[in-house]
Amino acid sequence: MNEAEMTVPHFFMCPISLDLIKDPVTLCTGQTYDRSSIEKWLAAGNLTCPVTMQKLQDPSMVPNNTLRHLIDQWLQIGPQFDPVYLSTIDSLASLKKILESGEASLEYKCETLQNIQALTEESQSGNSSLFQLGFFPLLLELLFGKVESRLSEGSAKFAEQALSCVLRLLSLGEYECLNMLREESKLESFQFLFDQGTSKIKRGLCQIIEAISSSLETRELCAKLGKNRKLLKGLILLVHQTYGASEAGIKAISALCCLESNRENMVQEGGINGLLTYIYDAQRHERNLAPKAMATIELLLGLESAKEALINDPNGIKALIKMVFRVSDHQGSESAIRSLMIICTDSLQAREEAIGAGVLTQLLLLLQSQCSGRTKTKARMLLKLLGSKWDEEPKHL
């Protein structure tokens, strides 16, 4: 059908030219324009986004292939284009304008987020629709764009809802926008929310930390977070809180420790002690992340400071021994054994403490269990290191 014969949906129109977008490109603000129009705008010396008027920290343009595909479909099939989908996109575009408005109240924006969630939950393509309309950078800007002196009840409610939407969009695996947190003011806002926020906000921010730590696109940001001692201390404190919050803290700590440069700071801020306390106090029916905590400890034991922290912790050796043999499962056993070998190889004190705490019994129980052959091999090696005569697999205790 001829383009001139159809009414162009407004979200297919360039905000600058008000014509149908031919070559859609998206700025760092999440706004999409026709390439020729935005290039003219920038060439005229403008350094802001025409719609939001935000200063462009990064003037680069990213092709919006999803929107291009939708426009091509619309041009080909015209009136037969799914009217329900068009209506959903139109509604989302209108709701986005409310979130962008500086005049809308916080309460109204909370209602808007609820409406967005309801609309997108009804649609299989809800998350991709939000992404193509630029909601991801907008929500991040609303969350971290300004530093407040205190977190009001309304602000906390809005942050919880906005984070819920952000976490849904993170499932699409597009993490580049998170690099806005490299700006000091936005990282300060992130820290403020982490310090003052509800348990739900803290858990959401921990998931963002996990995402940052998992992508090469955000590697520099991950390193920046690892230098933020206040944030590291906050994550370690979170480990001691209620179930759910502590689990989120464990995951975030483990994720940050995947980057080698972050490990020393994590140890210095008490990471070893926090993880050991989590394991030592673990209840089998709920502390299902003890194996992850154990694996993180093993990773950190490549540092001399971590070895020293573990040996000096009153419950350090006991916590490792607790992980050697667990009746419910053997997850974490091999990591615990390897960690004990690292500690006991160079420390007579550690060997004596381990024997006194019952490690030999735990190892013998493990050897009689259904754990893997590799884990049993490690167990025999540790028995030999500890000078036990039980370096052969026993038939009976």
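Residues numbered from 1 in each chain as written. Predicted model: local features only at pLDDT ≥ 70, side-chain atom pairs only at ≥ 80, totals over all residues. Heavy atoms only, no water.

A. Local environment of the overall build of the protein. Scanning the protein from N- to C-terminus turns up 21 helices and 3 strands. The C-alpha radius of gyration of the protein comes to 27 Å, more than 25% above the 21 Å expected for a compact globule of 397 residues. By the burial criterion, 50% of the 397 residues in the protein qualify as buried. For the protein, restricting intrachain contacts to residue pairs at least 6 apart in sequence, the fraction spanning at least 24 positions comes to 69%. Here the protein has roughly 19,200 Å² of accessible surface; of this, 49% comes from carbon and sulfur atoms. Where the 41 positive side-chain charges of the protein centre and where its 47 negative ones centre are 7 Å apart. (Helix = DSSP H or I, 4+ residues; strand = E, 2+ residues; numbered from the N terminus. Rg over C-alpha atoms; globule rule 2.2 N^0.38 Å. Buried < 20%, exposed > 50% of the residue type's maximum accessible area, 1.4 Å probe, protein only. Contact = heavy atoms within 4.5 Å. Areas by Shrake-Rupley, 256 points an atom, 1.4 Å probe, with all protein chains shown as cover. Lys, Arg positive; Asp, Glu negative; His and termini not counted. Charge placed at Lys NZ, Arg CZ, Asp CG, Glu CD.)

B. The arrangement of the pattern of salt bridges in detail. Scanning the model with the defined rule gives 14 salt bridges in all. Residue Asp23 is joined to Arg68 by a salt bridge in which the shortest nitrogen-to-oxygen separation is 2.5 Å. Residue Asp23 is located in the segment before β1 (24–26), and its partner Arg68 is located in helix α2 (residues 65–77); the two are separated by 45 residues in the primary sequence. In this structure Asp23 comes out as partly exposed when scored by relative accessible area, which is 22%. Among the ionic pairs, Glu304 bridges to Lys307, the shortest N-O distance being 3.1 Å. Taken together, the residues span about one helical turn, with Glu304 and Lys307 both in helix α16 (residues 304–312) at a distance of 3 residues. A relative accessible area of 57% places Glu304 in the exposed class. One connected set of salt bridges, linked through shared partners, spans Glu298, Glu334, Arg338 and Arg374. (Salt bridge = Lys/Arg side-chain N within 4 Å of Asp/Glu carboxyl O.)

C. Local environment of the packing of aromatic side chains. By the definition in use, this model includes 2 aromatic pairs. Centroid distance Phe131 to Phe136: 6.0 Å. Interplanar angle 35°. Geometry classified as tilted. Assessed through its relative accessible area of 29%, Phe131 is described here as partly exposed. By relative accessible area, Phe136 is classed as buried at 0%. Judged by centre distance (5.5 Å) and plane angle (40°), the ring pair of Phe144 and Phe190 falls under tilted. Remark: Phe190 occurs in helix α8 (residues 184–196) and Phe144 occurs in helix α6 (residues 135–144); sequence separation between them is 46 residues. (Phe/Tyr/Trp six-rings, centres within 6.5 Å; stacked < 30°, edge-to-face > 60°.)

D. Fine view of the domain arrangement of the protein. Considered domain by domain, the protein is made up of domain 1 (1–81), domain 2 (100–269) and domain 3 (304–391). Centre-to-centre separation of domain 1 and domain 2, based on C-alpha positions: 28 Å. Each partner contributes to the interface: domain 1 provides 11 residues, whereas domain 2 provides 8 residues. Of the roughly 660 Å² buried between domain 1 and domain 2 on both sides combined, carbon and sulfur atoms contribute 47%. (Domains from an automatic or database assignment. Buried area = accessible area lost by both parts, 1.4 Å probe.)

E. Examining the nonpolar core more closely. One finds Leu178 and Ile208 to be the most contacted residues of the largest nonpolar core, which totals 123 residues. Those residues in contact with Ile208, other than ones at most four positions away along the chain, are Phe144, Leu163, Val166, Leu167, Leu170, Leu178 and Phe190. (Core = buried A, V, L, I, M, F, W, Y, C linked by side-chain atoms within 4.5 Å.)

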